Amino acid sequence: MDALKLLVDEVRLTPILISDPPLLNVQGVHQPYTPRLVVEVITRGGVSGLGETYGDGVYLDLARPLADALPGHSVTDVNALFALAASTDPALTVVAEGVDAGGLRGVRTADKLRLSVVSAFETACLDALGKTLGLPVHALLGGKVRDTVEYSAYLFHRWAAHPGAGPTDDWGAALDPAGIVAQARRFDRLHGFRSFKLKGGVFEPEREIAAIRALAEAFPGRPLRLDPNGAWSVETSLAVARELKDVLEYLEDPTSGTAAMAEVAARTDVPLATNMCVTTFEEVPEAFAKEAVRIVLCDHHYWGGLHRTRELAALCRTYGVGLSMHSNTHLGISLAAMTQVAATLPGLHHACDTHYPWQTEDVVTTRPVFRAGRLTVSDAPGLGVELDRPALAALHRRWLDDDGTLRDRDDTAAMHAADPGWSPRTW
Ligand SMILES: O=C([O-])C(=O)C[C@H](O)[C@@H](O)C(=O)[O-]
Ligand SMILES: [Mg+2]
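Described below are features of the structure shown in this document. This is a predicted model, so every value here is computed, not measured.

Another aspect to go through is the sheet that holds strand 14 (residues 295–298). Overall, parallel pairing links the 7 strands, which are arranged 9-10-11-12-13-14-15 in an open sheet. Two strands close off the open sheet at either side, each with one partner strand: strand 9 (153–156) and strand 15 (322–325). The average angle at which neighbouring strand axes cross in this sheet is 30°, direction not considered. Bridging between strand 13 (residues 272–274) and strand 14 involves 2 bridges; their strand directions are parallel. Pairing of Ala273 across the sheet is with Ile295, part of strand 14. Packed on one face of the sheet, helix 5 (residues 177–191) meets strand 9 and strand 10 (196–199) and runs near 155° to strand 9.

What follows concerns the sheet that holds strand 5 (residues 48–54). Strands sit in the order 1-4-5 across an open sheet of 3 strands; the sheet is antiparallel. Taken across any chain shown, the strands that pair with only one partner, and hence form the sheet edges, are strand 1 (8–19) and strand 5. Adjacent strand axes in the sheet meet at a mean angle of 20° when their direction is disregarded. Bridge count for strand 1 against strand 4 (residues 33–43) is 11 bridges, and the pairing is antiparallel. Across the sheet, Ser19 pairs through a bridge with Tyr33, a residue of strand 4. Against the sheet, helix 1 (residues 57–69) engages strand 1, strand 4 and strand 5, with an angle of about 165° to strand 1.

Let's shift gears to the coordination of the magnesium ion (ligand 2). Within the protein, the magnesium ion (ligand 2) binds to Asp227 (OD), Glu252 (OE) and Asn275 (OD1); these donor distances fall in the range 1.9 to 2.2 Å. Summarised as a motif, the one-chain spacing of the donors to the magnesium ion (ligand 2) is D-x24-E-x22-N. Of the two residues, Glu252 is situated in strand 12 (residues 248–252) and Asn275 in the loop between strand 13 and helix 9 (284–289); the sequence distance between them amounts to 23 residues. Of the two residues, Glu252 and Asn275, both sit in the buried class.

This part takes up the site of ligand 1. Neighbouring residues of ligand 1: 17 residues in total, closest Asn25, His30, Lys197, Lys199 and Asn275. A distance of 2.7 Å separates an oxygen atom of ligand 1 from a polar atom in the side chain of His30. Glu252 is positioned with one of its side-chain polar atoms (N or O) 3.3 Å from an oxygen atom of ligand 1. In the complex, 100% of the free accessible area of ligand 1, which totals 330 Å², lies under the protein chains. Those elements giving two or more residues to the shell around ligand 1 turn out to be strand 9 and strand 10. Each residue belonging to the shell around ligand 1 can be placed in one class, and the counts come to 3 nonpolar, 9 polar and 5 charged. Each of domain 1 (3–138 + 387–400) and domain 2 (142–376) gives at least three residues to the shell around ligand 1.

The rules behind the values
Residues numbered from 1 in each chain as written. Chains lettered and ligands numbered in written order. Predicted model: local features only at pLDDT ≥ 70, side-chain atom pairs only at ≥ 80, totals over all residues. Heavy atoms only, no water. Pairing = 2+ DSSP bridges. Helix = DSSP H or I, 4+ residues; strand = E, 2+ residues; numbered from the N terminus. Axes fitted to C-alpha atoms, helices over the stretch in contact; angles between N-to-C directions. Contact = heavy atoms within 4.5 Å. Donors = N, O, S within 2.8 Å, 3.2 Å for Na, K, Ca; no water. Buried < 20%, exposed > 50% of the residue type's maximum accessible area, 1.4 Å probe, protein only. Near = heavy atom within 4 Å. Polar contact = N/O pair within 3.5 Å; in protein donor to acceptor, adjacent residues only side chain to side chain. Areas by Shrake-Rupley, 256 points an atom, 1.4 Å probe, with all protein chains shown as cover. Nonpolar A, V, L, I, M, F, W, Y, C, P; charged D, E, K, R; others polar. Domains from an automatic or database assignment.

Printed below as a string of structure tokens:
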């Protein structure tokens, strides 16, 4: 193997806007179109590797200088990406810290944003390396321990249509327990998902408890999760846990922050999971010491890539904490990366989240097919996906044509289109 062929020759960044249904969450409603960034790394050997991450302006500001700095580095050198990203980071001082409006991903820090950018570059480098060597990405991570990866259905309260213009679909509204059960039945029929996660924090807890109860009745014995993204007080969380203790696989981020999660955890037997209070390695020691969570949702976008996802998995294994996987709105490149890394994690005992079934547009040539809620782990070189260049160009054109309103995801702003006085609620 000629090592020179593994040097990065060019990096292409393509911001896109993809259609998204009017899914409701504690922060508001999904915009009709949401930004994603496609990262393409081309080696001197002429091989192209793909990665995907958040596409809002703050991510683009971090991605552009990293893309400029990467040529000349080897796609084998993924550990060096972190230092390279830090050294080329122009935005550190201007990133506002606080709660991320769109992503519901816990406290927002410049570091987390940078890791999410690095993750797409790491994935692209591993894809290029795998394609060059004729090996799947899972082989570069030490090999798969399973041939299929299980995903769960991601249920949302939702409107039938976006207010004003926007993409449409035939799912209809789901605003009550019957609507959620109908949605679950359709997911079950279409994709065979065994477990169901309901996005909560939208309506008063009683209505969401009723939706979970209705699911338990419609699908006896199936794993059920409820995730209000930290919208409840400690007492409300405990009341919900009491009501649903016999049917929940886990309760995800019922309340905000490690201290409050630890208080809930100490007073209920329902396992608590998180993708909000443990989102960085720095947050792990306190959360594990306080036994605030029994399950951490990994996410290669948050944690800085596929290798770091494996590091998180090792930590969880060490401390007897379970592992699941989080998902935000994403396309087929990220789904392939999620599946490749999930295939290598021995301690992954919960079905992974994925928004993918809600996404009708993609930049890969072949849509992955869920069978019995599972994806087969690809053994093709790299991630096993190919870029659909005309689709990428069309979605990029949409991004170019946008006047800037949709280029930064803001679920609260999207909600204001329907209800100008709306503000996020807590119970
Ligand atoms: O906590 C979670 O599972 C998420 O934040 C997933 C997504 O961000 C979801 O809630 C959304 O996009 O509305
Ligand atoms: Mg969550």
